[in-house]
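Structure assessment
Residue strings, one per chain:
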Amino acid sequence: MTSLQDFQERVDKWISEIGGGYWSPLAMLAALVEEVGEVARIINYIEGEKKRKEGEEIEELSVELGDVIFATICIANYFNINLEDAINKTITKYEERDVKRFKD
């Protein structure tokens, strides 16, 4: 199984060797927001009132979620953030804070 650290290293290698280097933090944030907007557009097609012809929406959603993860990894790499540590902290936060929140 590929770890988040493996993906971070793979993205860093691509950015360094092929991608021309990391963009500025604000440009990377704009790219992330754009990708999240694409996710929203597709989910709106699938679940919302705005319908379009049936097609490959789930596959498109998969690709766009991958783009969100890629953009997030770029930001994390730029700021030297270990995403495995970050997601573990977040999950622990939810587990501790919300342990009784959704129970009747």
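Residues numbered from 1 in each chain as written. Predicted model: local features only at pLDDT ≥ 70, side-chain atom pairs only at ≥ 80, totals over all residues. Heavy atoms only, no water.

Here we look at the overall build of the protein
Counting its regular elements, the protein contains four helices and zero strands. For the protein, the sequential pattern of α-helices and β-strands runs α-α-α-α. Scaling as 2.2 N^0.38, a compact globule of 104 residues should have a C-alpha radius of gyration of about 13 Å, whereas the protein reaches 17 Å, well beyond that. Seen along its three principal axes, the alpha-carbon backbone of the protein occupies a region of about 40 × 40 × 30 Å. Classification of the 104 residues of the protein by burial places 21% in the buried group. Contacts spanning at least 24 positions in sequence make up 65% of the contacts within the protein whose residues lie at least 6 apart. Only carbon and sulfur atoms are counted for the fraction: they give 57% of the accessible area of the protein, which is about 8,100 Å². (Helix = DSSP H or I, 4+ residues; strand = E, 2+ residues; numbered from the N terminus. Rg over C-alpha atoms; globule rule 2.2 N^0.38 Å. Buried < 20%, exposed > 50% of the residue type's maximum accessible area, 1.4 Å probe, protein only. Contact = heavy atoms within 4.5 Å. Areas by Shrake-Rupley, 256 points an atom, 1.4 Å probe, with all protein chains shown as cover.)

Here's the deal with the confidence of the model for the protein
A residue-level look at the protein finds 93% of positions with pLDDT of 70 or above and a mean pLDDT of 92. Mean pLDDT across the secondary structure elements of the protein bottoms out at helix α4 (residues 83-97), with 94, and peaks at helix α1 (residues 4-17), with 97. (pLDDT = per-residue confidence, 0-100.)

Remarks on a nonpolar patch on the surface
A surface patch of nonpolar side chains, about 320 Å² in accessible area, is lined by W14, I18 and F70. Position of I18 among the secondary structure elements: in the loop between α1 and α2 (25-47). (Patch = residues over 30% accessible without salt bridge, like charges linked within 9 Å, V, L, I, M, F, W, Y side chains within 5 Å. Salt bridge = Lys/Arg side-chain N within 4 Å of Asp/Glu carboxyl O.)

Considerations on the environment of I87
In this fold, I87 is placed in helix α4. By relative accessible area, which is 40% here, I87 ends up partly exposed. Here the alpha-carbon distance between I87 and L4, two residues 83 residues apart in the chain, equals 9.6 Å.

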